[in-house]
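The residues making up each chain are set out below.
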Amino acid sequence: MSSHSSTQEACFNVCCSSPFSSHSMTQKQEEEELEFSVITPGASFLTKDIKFTSQESLPPLRTSFYDLITAFPDYLQTNQADHLRSTEYQNLSCSSRHVLLSHTRQQQPLFSYSQFRQLSGLNNSLFTLSYTQVSSGKEMLLLAREESLFQSSMRKRIMSFMNLEESEYDMILTRDRSSAFKILAELYSFKTNPNLLTVYNYEDEAVEGMIRISEKKGVKPKSAEFSWPSTEVVSEKLKRTILRSKRKKDKRGLFVFPLQSLVTGASYSYSWMSLAQENQWHVLLDTSALGSKDMDTLGLSLFRPDFLICSFTEVLGQDDEPTGFGCLFVKKSSSQALSEAPEGFTDPANLKVIKAEPNWKTRNDESNLEDHNEASTSAIEIEEDDKAIIEFRGLDHADSLGLILISRRLKSLTLWLVRALTCLKHPGSYQMETPLVRICGPKTRLDRGASVSFNVFDWQGEKVDPLMVERLAEREKIGLRCAYLQKVGSVGNKKRRDEARDGQSMSLRVSVVSVRLGFMTNFDDVFRVWGFVSRFLDADFVEKEKWRKKALERKQMTGVIV
């Protein structure tokens, strides 16, 4: 217990440095961040002077892995994750050639793949989800408390995993993460709390849904602004926006805060939640960008959000028909904020919550006790005192790895990937060399998250369409995606303004390639991403794809005309 507390305290002290002090992000710190200072000097071949000018010049996997463990020797202490991946998540093995990257959002798996195979049989899902329409916040909370044995066990396990007290929060199951945002937007009392303030440096479909609903209710949503290219929050502007509501009596609102950017990996101080609470805002914490055990660092005894949203999937790598659900946690003492009258709803269809029941048979099921069913049941349920204890092995695995191991592993892989990407250069003289990749967001900052955003440029310095990069990555089963940064503006010296124009930030909207690492990502995944991106060093590779795209567009246009 003491070690756990010390871990929380250490992380808290790092993450909670005040954004309002003179030690907040300065231009000098931003420039120092660009230096390759994280890896021990001389320990890595990925120094700032090294460059790779073709895919063929990249070192092999074994050599690159040796570089990783030389630069980050603690990575070797995370081999427990590799063992779990090989024994419990066989669908992620090299033979599947699928790069495990959580490129949509953080969705912690409830079950392992081996467990899923044993239980699912002919079913595509382990759950049967039933939908129920609600007409008020009170009805929704009452329905959430009417639980089956399975859902009760699942709620307790999830709340334990999320480090939330059962006595303090209600958990509502939703279709997905976007549905959780819509439900909260419909039920939240914007009439008496007519403000919505979001802190997202990227376009998020779920958040956009909440914004649209609030606008229909007469709210004028506000957003934090972010600097370029660090994508850090502009502290003074956000502070003024939070404090402004204090001048109007009882005119607070909803503060939507993610702690980290899911796209760029930029981290935000916990102090923003504290400042919002002190100024009578209701706080919604979005955990979608957090690592599997990052909730252990929150110290909810100090920062207890009024609402919290997360999502879960059944099993990792279930690409064909991924199934899962969202969770909306409501602090019981804040439930009065969900008091919107039915006439204030923009679309009653948004107010659907779900019940989950297992598709497998239990041992108490008298209809069938075949050997197969008994074997399947034993993988997930143990009878003890006539009560079924549900085993959520995916959550158990994350718990067994723990906060320190997962954080250490993700930090090593993320920083190595950033270093590797920035070493890719187009051929040319030292003075005229053109970088293949430009990182958008934090680079080698120790407090960065496990997301990396970047853009690819051809030998002429022209930006390659991130949608093209995403499409080509999909062919290789690599989870890169095109994302859009928003509310970013150029600040600082002329060099930074030039970089901003390169990134199109003058329009306050920047398209980027984004990659997200998860708790089962390994070095082979990261190395394959590096190898894939290096293919753009070949000018013919890019031109061929541009030609192919134009040919396809012409063919589609011809088909329309015909």
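Residues numbered from 1 in each chain as written. Predicted model: local features only at pLDDT ≥ 70, side-chain atom pairs only at ≥ 80, totals over all residues. Heavy atoms only, no water.

## Examining the nonpolar core
Counting 152 residues, the largest nonpolar core has Ile-158, Phe-255 and Phe-329 as its most contacted members. With 13 residues, the top contributor of residues to this core is helix H13 (residues 393-422). Those residues in contact with Phe-329, other than ones at most four positions away along the chain, are Ile-158, Met-159, Met-162, Leu-164, Tyr-169, Asp-170, Met-171, Asp-306, Phe-307, Leu-308 and Cys-310. (Core = buried A, V, L, I, M, F, W, Y, C linked by side-chain atoms within 4.5 Å. Buried < 20%, exposed > 50% of the residue type's maximum accessible area, 1.4 Å probe, protein only. Helix = DSSP H or I, 4+ residues; strand = E, 2+ residues; numbered from the N terminus. Contact = heavy atoms within 4.5 Å.)

## Quick word on a positive patch on the surface
Among the surface-exposed residues, Arg-175, Lys-182, Arg-212, Lys-216 and Lys-352 lie close enough to one another that they form a single positively charged patch. Along the chain, Arg-175 turns up in the loop between strand S3 (169-174) and helix H8 (177-187). Classification of Arg-175 by relative accessible area gives partly exposed; the value is 42%. (Patch = residues over 30% accessible without salt bridge, like charges linked within 9 Å, V, L, I, M, F, W, Y side chains within 5 Å. Areas by Shrake-Rupley, 256 points an atom, 1.4 Å probe, with all protein chains shown as cover. Salt bridge = Lys/Arg side-chain N within 4 Å of Asp/Glu carboxyl O. Lys, Arg positive; Asp, Glu negative; His and termini not counted. Charge placed at Lys NZ, Arg CZ, Asp CG, Glu CD.)

## Quick word on the packing of helix H3 (residues 61-71) against H13
One can describe the packing of H3 onto H13 by two numbers: an axis separation of 10 Å at closest approach and a directional angle of 120°. Accordingly, the angle class assigned to the pair H3 and H13 is oblique. The handedness of the crossing between H3 and H13 comes out as right-handed. For the pair H3 and H13, contact is made by Ser-64, Asp-67 and Leu-68 and by Ser-412, Leu-413 and Trp-416, respectively. (Axes fitted to C-alpha atoms, helices over the stretch in contact; angles between N-to-C directions. Parallel < 35°, antiparallel > 145°, perpendicular 65-115°, else oblique. Left-handed = near helix turned anticlockwise from the far one by under 90°.)

## Description of the pairing of strand S7 (residues 254-257)
Burial of S7 is two-sided: the residues Leu-254 and Val-256 facing one way and the residues Phe-255 and Phe-257 facing the other way are all buried. Here strand S4 (residues 196-198) runs beside S7; their pairing, made up of three bridges, is parallel. Looking across to S7, one finds that Leu-197 is bridged to Phe-255. With four bridges joining them, S7 and strand S8 (residues 282-286) adopt parallel strand pairing. For Phe-255, the partnering residue across the bridge sits in S8 and is Val-283. Read from S7 through helix H11 (residues 271-278) to S8, the crossover connection turns out right-handed. (Pairing = 2+ DSSP bridges. Right-handed = clockwise from strand over helix to strand, strands pointing away.)

## A look at the packing of aromatic side chains
Overall, the coordinates contain 24 aromatic pairs when judged by the stated rule. When the ring of Phe-127 is compared with that of Phe-325, the centres are 5.8 Å apart and the planes differ by 55°; the resulting orientation is tilted. Placement of the pair is Phe-127 in strand S2 (residues 127-133) and Phe-325 in strand S10 (residues 324-331), with a sequence separation of 198 residues. Each of the two residues, Phe-127 as well as Phe-325, counts as buried. With a centroid separation of 5.7 Å and 75° between ring planes, the pair formed by Tyr-200 and Tyr-202 is classed as edge-to-face. Each of the two residues, Tyr-200 as well as Tyr-202, counts as buried. Three or more aromatic residues joined by ring pairs form one cluster here, namely Phe-52, Phe-65, Tyr-75, Trp-416, Phe-523, Phe-527 and Trp-530. (Phe/Tyr/Trp six-rings, centres within 6.5 Å; stacked < 30°, edge-to-face > 60°.)

## A few points about the environment of Ser-400
Here Ser-400 lies in helix H13. By relative accessible area, which is 40% here, Ser-400 ends up partly exposed. Those residues in contact with Ser-400, other than ones at most four positions away along the chain, are Gln-80 and Leu-84. One polar contact links the side chain of Ser-400 to the main-chain carbonyl oxygen of His-397, over a distance of 2.7 Å. (Polar contact = N/O pair within 3.5 Å; in protein donor to acceptor, adjacent residues only side chain to side chain.)

## Quick look at the environment of Glu-340
With respect to the element layout, Glu-340 can be found in the loop between S10 and strand S11 (352-358). Placed 203 residues apart in sequence, Glu-340 and Gly-137 show a C-alpha to C-alpha distance of 7.7 Å. Excluding residues that lie within four positions of it along the chain, Glu-340 makes contacts with Glu-186, Leu-187, Tyr-188, Phe-190, Lys-217 and Phe-345. There is a polar contact of 3.2 Å between the side chain of Glu-340 and the side chain of Lys-217.

## Focus on the sheet that holds strand S20 (residues 509-516)
Here four strands make up an open sheet; going across it, the order is S16-S17-S20-S18 and the pairing antiparallel. In this open sheet, the two edge strands, each paired with only one partner strand, are strand S16 (437-439) and strand S18 (481-486). Neighbour to neighbour, the strand axes of the sheet diverge by 45° on average, direction disregarded. Pairing geometry for S16 and strand S17 (residues 451-456), over three bridges, is antiparallel. Opposite Ile-439, over in S17, you have Phe-454 as the bridge partner. In the packing of helix H14 (residues 466-475) onto the sheet, the strands contacted are S17, S18 and S20, and the crossing angle to S18 comes to about 150°.

## Observations regarding helix H6 (residues 137-144)
Inspection of H6 places Gly-137, Met-140, Leu-141, Leu-143 and Ala-144 among the buried residues, and these make up the whole buried set. Seen end-on, H6 carries its buried residues on one side only, within an arc spanning 160°. Those residues of H6 hidden inside the fold are in contact with S2, S3, H8, S10 and S11. (Arc of directions from axis to C-beta.)

## As for the pairing of strand S9 (residues 307-313)
Counting buried positions along S9 yields seven of seven residues, so the element is predominantly enclosed. Residues Phe-307, Ile-309, Ser-311 and Thr-313 line one face of S9 and the alternating positions Leu-308, Cys-310 and Phe-312 line the opposite face, and both faces are buried. Bridge count for strand S1 (residues 108-109) against S9 is two bridges, and the pairing is parallel. In the strand pairing of S9, Gln-108 is matched with Phe-312. Sheet topology places S8 next to S9; three bridges connect them, and they run parallel. Within S9, the position partnered with Asp-286 by the bridge is Ile-309. For S9 and S10, the ladder comprises seven bridges, and the chain directions are antiparallel. Note on S10: the bridge partner recorded for Cys-310 is Cys-327.

## A short note on the environment of Phe-536
With respect to the helices and strands, the residue Phe-536 is situated in the loop between helix H16 (523-534) and helix H17 (539-561). Overall, Phe-536 belongs to the buried group, its relative accessible area being 1%. Those residues in contact with Phe-536 that sit more than four places away from it in its chain are His-426, Leu-436, Val-456, Val-464, Val-469, Leu-472, Phe-541 and Val-542.

## As for the packing of H3 against H16
Where H3 contacts H16, the axes come no closer than 11 Å and their chain directions differ by 115°. Judged by the angle between their axes, H3 and H16 are roughly perpendicular. Read as a crossing pair, H3 and H16 show a hand that is right-handed. Contacts from Leu-61, Ser-64, Phe-65 and Leu-68 in H3 reach Phe-523, Asp-524, Phe-527 and Trp-530 in H16. Looking at the contact of H3 with H16, its residues break down into six nonpolar, one polar and one charged. (Nonpolar A, V, L, I, M, F, W, Y, C, P; charged D, E, K, R; others polar.)

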